[in-house]
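If you want the building blocks of each chain, they are given just below.
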Number of protein chains: 2
Amino acid sequence: MVLSPDPIDVSRSTRPAVVVDTTRSPHAAHEPVPLGHVRFTDDLLAPRLRTNRTVTLPAQYAHLVETQRLQNFNRAAGTFDGPFAGIYFNDSDVYKWAEAAASALVAGDDAEDAPTATLRDLLERVIDQIAAAQDADGYLNTYFSVDRVAERWSNLTDMHELYCGGHMIQAAIAHHRATGSDRFLNVARRFADLVVATFGPEAEGKRETADGHEEIELALVELYRVTGDARYLAQARFFIEVRGRGRVGGGAMFQDATPVREQSVMVGHAVRAVYLNAGVADLVAETGDAELRAALDRMWTNMVTRRRYISGGIGSRWEGESFGADFELPSARAYTETCAAIGAIMWAWRMLTLEIEDDTRYADAIEHTLYNALLPGLSLDGQHYFYQNPLTNDGSHRRQPWFGVACCPPNIARVLAQLPSYAYTVTGRRFGESDGRHDMVWAHLYADSVATIPLHAGGSVTLRQTTRYPWSGEVTIAVTEIVEAGDFTLYLRIPGWAKGASGDVNGEALPAAETAPGQYAAIRRTWQVGDVVRVRFPMPVRRMIAHPYVTDDAGRVALMRGPLLYCVEAADNPIGDVRDLVLEDDAEIVAARRPDLLGDVLVLTADAEIEAPAPGWDGALYRELGEVTRDRPGRSQVLLTAIPYFAWANRGAGPMTVWLKRTSEGGGAVIPTAPPQMS
Amino acid sequence: MVLSPDPIDVSRSTRPAVVVDTTRSPHAAHEPVPLGHVRFTDDLLAPRLRTNRTVTLPAQYAHLVETQRLQNFNRAAGTFDGPFAGIYFNDSDVYKWAEAAASALVAGDDAEDAPTATLRDLLERVIDQIAAAQDADGYLNTYFSVDRVAERWSNLTDMHELYCGGHMIQAAIAHHRATGSDRFLNVARRFADLVVATFGPEAEGKRETADGHEEIELALVELYRVTGDARYLAQARFFIEVRGRGRVGGGAMFQDATPVREQSVMVGHAVRAVYLNAGVADLVAETGDAELRAALDRMWTNMVTRRRYISGGIGSRWEGESFGADFELPSARAYTETCAAIGAIMWAWRMLTLEIEDDTRYADAIEHTLYNALLPGLSLDGQHYFYQNPLTNDGSHRRQPWFGVACCPPNIARVLAQLPSYAYTVTGRRFGESDGRHDMVWAHLYADSVATIPLHAGGSVTLRQTTRYPWSGEVTIAVTEIVEAGDFTLYLRIPGWAKGASGDVNGEALPAAETAPGQYAAIRRTWQVGDVVRVRFPMPVRRMIAHPYVTDDAGRVALMRGPLLYCVEAADNPIGDVRDLVLEDDAEIVAARRPDLLGDVLVLTADAEIEAPAPGWDGALYRELGEVTRDRPGRSQVLLTAIPYFAWANRGAGPMTVWLKRTSEGGGAVIPTAPPQMS
């Protein structure tokens, strides 16, 4: 192993350039590592972050221009005379793009590279446009400018004014933290001040309601964190507490049927539900509200044990883009909006920050959702997006370069730009040793990378991860630099799937109890430069089955390896329809690296069978048991090749499935008599 | 067997009191038997028809009053000053009620009974209100009256003006045929004349579009039949041909993506799709258009082999109340609107009329859909309705006394009132023997009943069915009266499920080939009073399985007996959750009559097992294969009791399922941690 000589230059980002800054939150345990302090150098995430900065964000800017989303700001500023273009919540796409751009500037690995410089210029121009569009009283929403001024705040249920405002605040904070400038932040503050003056208890003469689409809540908590203005925290609390009493509208679909602190299950529009819960967790980090925390715990348990796809995606229903009932998880009609996966990551991260727990559940969920529910939303070329992410498809579902409702593309961009901030946290401020100087450094994500982590005791430690994770379970973490203190405990996530994990420090084995799956291995030392920790996560292919109440997956198996979910796609399996494949439980599955394929992936291959479509059915839809023979006519031996689910639909259109039949009794392909006329 | 001495008094209904009168349609083979000529005397349908007339229709009238649906007509007439009440298509509920009432008056078995007399009075009052609301130019839609006159015809895509108008025409025809009066019919004609003047090719200066919700098409064909005015037929043809070219709007959801004659699959809003196809079949009956007929055949095949529930219900998706993809048939989220089942019956009936076919598919479909998809929509008390008809439910889905969108209740009422007209047809007008006088009498539905069937050769024959069908497969048909001619062929439907059927005429066995399932047994004789035909349909319990592409039904079995689909409901199975029941393939199933239960039904019982909810899963949603033990912890022996699906949800709320697990690998119950907050 070679110790990497490339420490991060953190001189550019001394501020807490993160999205969720719990550094001073009295009821949060984990503090972030500034965004610019972690740099991925791997072959999977790092190229995507680079593509995000150099291809995706410039391309998205072009879409913002072409679709007149930016022109709407000029119109509001009085410098463009024409109609409002697009949908009433289009401002939010601009804000998410700005947040992504600001974040990407911080994480950029070379200040001199041309795209980054261009991006910086574009961002500043966009902020000029945004600032110019703001009304004298702080109001800012271009749909309600010019000819709809009288309609402001008239339909909070549906019109997304505070949703857009929340994204504006998040973007302003990201810009402030990335650049130190207050000019966008002041726009956000003026807007937030207007919100504070407008919404609150009726007894105070205010509007006692909240936005139909949550987002402002988490933004206001963060604005409190960055400004110290407690009115913003109180306003977030008001919006959370007013919910669930029928004042918002939309009922359970908009999380307005039950007060948050009484809620136990995930209901309604999936994106809204997880955005709300992220904001609630932010509130809990500041207030320590035990009842709200208990509600979050109940909802989290409901989501992960009954309402989440094996991909980590959430939202089972097309109607209302919503959660379904417990165990209602249809594969072909999975809605699983990319934004909902992003929201689930946002929520999981905030849950992670609240307490010191030995359980890796939140970090496991973040990693799992990242690879299997967020990354599938973006093409390898960085310019095509999925809004829905079905787990099986006939080939008709293809990524699009943009959408009329374009929430997902800039949302993907901002999370990718901020991804390095999810890798590590630090605790110890309140929960440390009696000397008050004992730090805990938590490693949540594994990827070839270098991170410089500030410590409470003073100084910092630089950790160099060398690994081919997630393709390989061998991770080496070397201490390459220590400034000042070296006494801290390193907590390494042992993923819940990592049975038989092991590790060592400078060759000395870790106790087996430390590397039990689903916990963090704790290693306390006075660390020295040159210390090396190795962890090994065995990565056999795992055959996964679904809870028997998930009717759609009955008799089926899905393949996972390490954190990655796999699927079979027509491009690799040219014989028949992949949805007719049958994988016997005892078939050997072989993993093999394919550097030529989809940007260098590890594929799984196995001997399998493919059935003639529904042998013996002859066009009948229901038959008497016994009329259909149980032998296996029309089966052929084939070599099945599975690829990571995140990489599907990057080649020619064709059927795909995550869940494979285990026997001929299971479901299979749909062979229409004519091309489908509706998806 | 006792020959019934109760011939029908047809003196009250000498006119063709039917809904679809193909008597003179040049390209239809089957002619209806007038509605008043068939009277059910059985224990299942007859009580429902009586309840419909004496309870349901009066109760629905009260709802029409209470919800101001009738007041809207007064408002349009200028006799009420107030706002329009309810939804823009509320007029159609009034029209469907009127059609039901007119039909019920014809089918009423006692002109002296008080409810019938009251119903007649109510109907005439409603017609007064309707007629008074009509505009001078023939326009009639109370939503667009008074303050929305300028908006007439401005949004055909969404606003249902011609849909409402179509139901008005159908109601007027039913009233005309029931009473001989022209006064409502003249209202309909004036409206239709306005439609003819307004819609047509742009080249003629008309509006070249159609209604987003089909209905006017079939109504105009029938108006042509009753008036002889060929402009109405041409107008129906225009509305059908203009469709599928993007002029209607709504795309595939409104059947506007593909011209009807090029259509092959059932797409979009299910009610609209089958209403359209019913109208197309009506058009084919008049024009003989072979291309349209071929399109209907393709769509029929697609529906029955890929897009229909085992209940006969159609419409898999809540979003858009629409058909899904091939084999997309989720049980819990089945939409299966009651109106869609009604539309499917309407379409099937018109397909049946087109040609002489030995195949019983259309009559089988009508019977199956009647018992298993329409009747479940109505409570035994006749005053509660299902809009959606799921095939499994946690107990939260309950019939309601009325709906804001109340299309289903009066639709159920009109089909029940007209049900006797589905029992028999007559052919022979064009397809008979060379003497031109040979009649064919077709028996499509079995129920204890008496029918007086007019013959082309002159006179009539009265047939008395004595049977406990659908509980028993023994059907005796006696000739109790013959007026004039007795030489005709009697065609008896041998249902597709009736393996091993047999029959005799006056004790002389029918050839086995005649009683093969799925065909009509043909018996030609010179019939005499006292002739007796017996048919026997063996009714073993049938274990049904679904096509392997129906993923939701994998590893499951449904029970049928004769035409009836069964389900298990909590009320009869108090231990555990019925969705956890496991019925082994070799368990004996016993059928037993329960006169005390649900109005006298035949239940099925079997030894079964009930599982503890998902033993070994411990709150996990996905597990590695092999982690879950395959033995059967927590199983208990129970006696399973199944009831006809049409009778579910008439007792206390509780889980229900049609599809039962065959093994512990199948899906099962949902045991929420808290009461569901959304259905």
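Residues numbered from 1 in each chain as written. Chains lettered and ligands numbered in written order. Predicted model: local features only at pLDDT ≥ 70, side-chain atom pairs only at ≥ 80, totals over all residues. Heavy atoms only, no water.

**A look at the overall build of chain A**
When its secondary structure is counted, chain A shows 14 helices and 23 strands. Along the first, second and third principal axes, the C-alpha set of chain A runs to 75 × 65 × 50 Å. Evaluated residue by residue, chain A yields a buried proportion of 65% over its 679 residues. Residue pairs in contact within chain A that sit at least 24 positions apart in sequence constitute 71% of those at least 6 positions apart. Of the charged side chains in chain A, 65 are positive and 88 negative; the average position of the first set lies 1 Å away from that of the second. (Helix = DSSP H or I, 4+ residues; strand = E, 2+ residues; numbered from the N terminus. Buried < 20%, exposed > 50% of the residue type's maximum accessible area, 1.4 Å probe, protein only. Contact = heavy atoms within 4.5 Å. Lys, Arg positive; Asp, Glu negative; His and termini not counted. Charge placed at Lys NZ, Arg CZ, Asp CG, Glu CD.)

**Focus: the side chain of Asn573 of chain B**
All names here are of chain B. Looking at the secondary structure, you find Asn573 in the loop between strand E16 (564–569) and strand E17 (581–582). Within polar-contact distance, the side chain of Asn573 engages the backbone oxygen of Glu569 at 2.9 Å. Among the polar contacts listed, one links the side chain of Asn573 to the backbone nitrogen of Thr641, at a separation of 2.8 Å. For Asn573, the contacting residues outside a window of four places in its chain are Val568, Val578, Leu639, Leu640 and Thr641. (Polar contact = N/O pair within 3.5 Å; in protein donor to acceptor, adjacent residues only side chain to side chain.)

**Some remarks on the nonpolar core**
By size, the foremost hydrophobic cluster in this structure holds 224 residues, and its most contacted members are Trp97 and Trp347 of chain B. Once you skip the residues sitting within four places of it in the chain, Trp347 of chain B turns out to touch Met266, Val274, Asn277, Ala278, Ala281, Leu296, Met299, Trp300 and Met303 of chain B. Counting 223 residues, the second largest nonpolar core, distinct from the first, contains Leu194, Trp347, Val426 and Ala451 of chain A. (Core = buried A, V, L, I, M, F, W, Y, C linked by side-chain atoms within 4.5 Å.)

**Digging into the packing of helix H3 (residues 91–107) of chain A against helix H14 (residues 408–418) of chain A**
All names here are of chain A. Where H3 meets H14, the closest approach of the two axes is 8 Å, and the angle between their N-to-C directions is 20°. As the angle between them shows, H3 and H14 are arranged roughly parallel. Crossing angle aside, the handedness with which H3 passes H14 is left-handed. The segment H3 lies against H14, with Asp93, Lys96, Trp97, Glu99, Ala100, Ser103, Ala104 and Ala107 engaging Pro410, Asn411, Ala413, Arg414, Ala417 and Gln418. Residues of the contact of H3 with H14, tallied by class, amount to seven nonpolar, three polar and four charged. (Axes fitted to C-alpha atoms, helices over the stretch in contact; angles between N-to-C directions. Parallel < 35°, antiparallel > 145°, perpendicular 65-115°, else oblique. Left-handed = near helix turned anticlockwise from the far one by under 90°. Nonpolar A, V, L, I, M, F, W, Y, C, P; charged D, E, K, R; others polar.)

**Concerning the sheet that holds strand E2 (residues 38–40) of chain B**
Strand order in this open sheet of seven strands is E2-E6-E7-E8-E13-E10-E11 (chain B), and the pairing throughout is antiparallel. Every other strand in the sheet has two partners, leaving E2 and strand E11 (508–509) of chain B as the edge strands with one partner each. (Pairing = 2+ DSSP bridges.)

**Let's talk about the sheet that holds strand E9 (residues 487–494) of chain B**
Residue and element names in this part refer to chain B. Strand order in the open sheet formed by five strands is E1-E4-E5-E9-E12, with mixed pairing between adjacent strands. Both outer strands of the open sheet, strand E1 (31–32) and strand E12 (519–526), are each paired with one neighbouring strand and no more. Alignment of E9 against E12, held across eight bridges, turns out to be antiparallel. Along E12, the bridge assignment pairs Tyr491 with Ala522.

**Describing the pairing of strand E19 (residues 601–610) of chain A**
All names here are of chain A. The buried fraction of E19 is high, at nine of ten residues. As defined by bridge partners, strand E17 (residues 581–582) adjoins E19 across two bridges and the pair is classed as antiparallel. Paired with Leu581 across the strands is Ile610, a residue of E19. The pairing of strand E18 (residues 589–594) with E19 spans six bridges and is classified as antiparallel. Directly across from Ile589, in E19, lies its bridge partner Ala606. Two successive antiparallel strands, E18 and E19, enclose a turn made up of six residues, where Leu598 displays a positive phi of approximately 50°. Summarising the sheet, E19 and strand E21 (residues 636–644) pair through seven bridges and their orientation is antiparallel. Counterpart to Leu604 in the pairing with E21 is Ala642.

**Quick look at the packing of helix H1 (residues 45–66) of chain B against helix H3 (residues 91–107) of chain B**
All names here are of chain B. Where H1 meets H3, the closest approach of the two axes is 11 Å, and the angle between their N-to-C directions is 155°. Taken together, the axes of H1 and H3 are roughly antiparallel relative to one another. The handedness of the crossing between H1 and H3 comes out as left-handed. Here H1 contributes Arg53, Leu57, Gln60, Tyr61 and Leu64 to the contact with H3, which in turn contributes Asp93, Val94, Trp97, Ala100, Ala101 and Ala104.

**Section: H14 of chain A**
All names here are of chain A. Within H14, eleven of the eleven residues are buried, leaving the element largely enclosed by the surrounding structure. All buried positions along H14 are accounted for by Cys408, Pro409, Pro410, Asn411, Ile412, Ala413, Arg414, Val415, Leu416, Ala417 and Gln418. Buried residues belonging to H14 abut helix H1 (45–66), H3, helix H6 (161–179), helix H10 (270–287), helix H12 (338–354) and helix H13 (361–374).

**Notes on the pattern of salt bridges**
Residue and element names in this part refer to chain A. One pass over the full model with this rule turns up 92 salt bridges over all chains. Across the pair Asp93 and Arg69 runs a salt bridge whose closest N-O atoms are separated by 2.8 Å. One end of the pair, Asp93, is in helix H3; the other, Arg69, is in helix H2 (residues 69–77), with 24 residues separating them in the sequence. Accessibility expressed as a relative area gives 1% for Asp93, which makes it buried. When its relative accessible area of 3% is taken as the criterion, Arg69 is described as buried. Residues Asp326 and Arg307 are paired through a salt bridge, measuring 2.7 Å at the closest nitrogen-oxygen approach. Within this pair, whereas Asp326 is found in the loop between helix H11 (290–306) and H12, its partner Arg307 is found in the loop between H11 and H12, the two being separated by 19 residues in sequence. Arg307 carries the same exposure label as Asp326, and that label is buried. (Salt bridge = Lys/Arg side-chain N within 4 Å of Asp/Glu carboxyl O.)

**Section: the packing of aromatic side chains**
Enumeration over the complete set of coordinates arrives at 58 aromatic pairs over all chains. Between Tyr61 of chain A and Trp97 of chain A the ring centres are 5.4 Å apart and the planes differ by 45°, which places this aromatic pair in the tilted class. Of this pair, Tyr61 of chain A sits in helix H1 while Trp97 of chain A is found in helix H3, placing the two residues 36 residues apart along the sequence. Trp97 of chain A matches Tyr61 of chain A in its accessibility class, with the two residues each being buried. Where Tyr446 of chain B meets Phe537 of chain B, the ring centres are 5.3 Å apart and the plane angle is 50°; that geometry is what we call tilted. In this pair, Tyr446 of chain B is assigned in the loop between strand E5 (439–443) and strand E6 (449–454) and Phe537 of chain B in the loop between strand E13 (532–536) and strand E14 (541–546), connecting sequence segments 91 residues apart. Counting every residue linked through ring pairs, the aromatic cluster contains Tyr139, Trp153, Phe191, Phe199, Phe238 and Phe239 of chain A. (Phe/Tyr/Trp six-rings, centres within 6.5 Å; stacked < 30°, edge-to-face > 60°.)

**As for the environment of Ile545 of chain B**
Inspection of the secondary structure assignment puts Ile545 of chain B in strand E14. Sequence separation of Ile545 of chain B and Trp659 of chain B is 114 residues, and the distance between their C-alpha atoms is 8.8 Å.

**Things to note about the environment of Ser25 of chain B**
Residue and element names in this part refer to chain B. As for its placement among the helices and strands, Ser25 is situated in the segment before E1. In this structure, the C-alpha to C-alpha distance between Ser25 and His37, residues twelve residues apart in sequence, is 21 Å. A distance of 3.4 Å separates the side chain of Ser25 from the side chain of Arg225, its partner in a polar contact.

**Side note on the pairing of strand E8 (residues 474–484) of chain A**
Residues and elements named next belong to chain A. Here strand E7 (residues 459–467) pairs with E8 via nine bridges, running antiparallel. Residue pairing in the sheet places Gly459 in a bridge with Glu484 of E8. Once E7 ends, the chain turns through six residues before running back antiparallel as E8. Across five bridges, the pairing between E8 and strand E13 (residues 532–536) is antiparallel. Residue Val475 lies in a different strand from E13, and its bridge partner there is Val535.

**What to know about unusual backbone geometry**
In this model, Tyr469 of chain A is joined to Pro470 of chain A through a cis peptide bond whose omega is 10°. If you trace the backbone, Pro470 of chain A turns up in the loop between E7 and E8. Although it is not a glycine, Gln68 of chain B adopts a positive phi angle of roughly 65°. With phi around 50°, Asn506 of chain B is a residue other than glycine that occupies positive phi space. Relative to the assigned elements, Asn506 of chain B resides in the loop between strand E10 (502–505) and E11.

**Comments concerning helix H12 (residues 338–354) of chain B**
Given a rise of 1.5 Å per residue, 17 residues ought to cover 24 Å, and the 25 Å separating the end C-alpha atoms of H12 of chain B matches this to within 8%. Most of H12 of chain B is tucked away, with 17 of its 17 residues classed as buried. (Expected span 1.5 Å × (residues − 1).)

**Regarding the confidence of the model for chain A**
Averaged over every residue, the pLDDT of chain A is 91; the share at 70 or more is 91%. With pTM at 0.91, the complex prediction returns an ipTM value of 0.90. (pLDDT = per-residue confidence, 0-100.)

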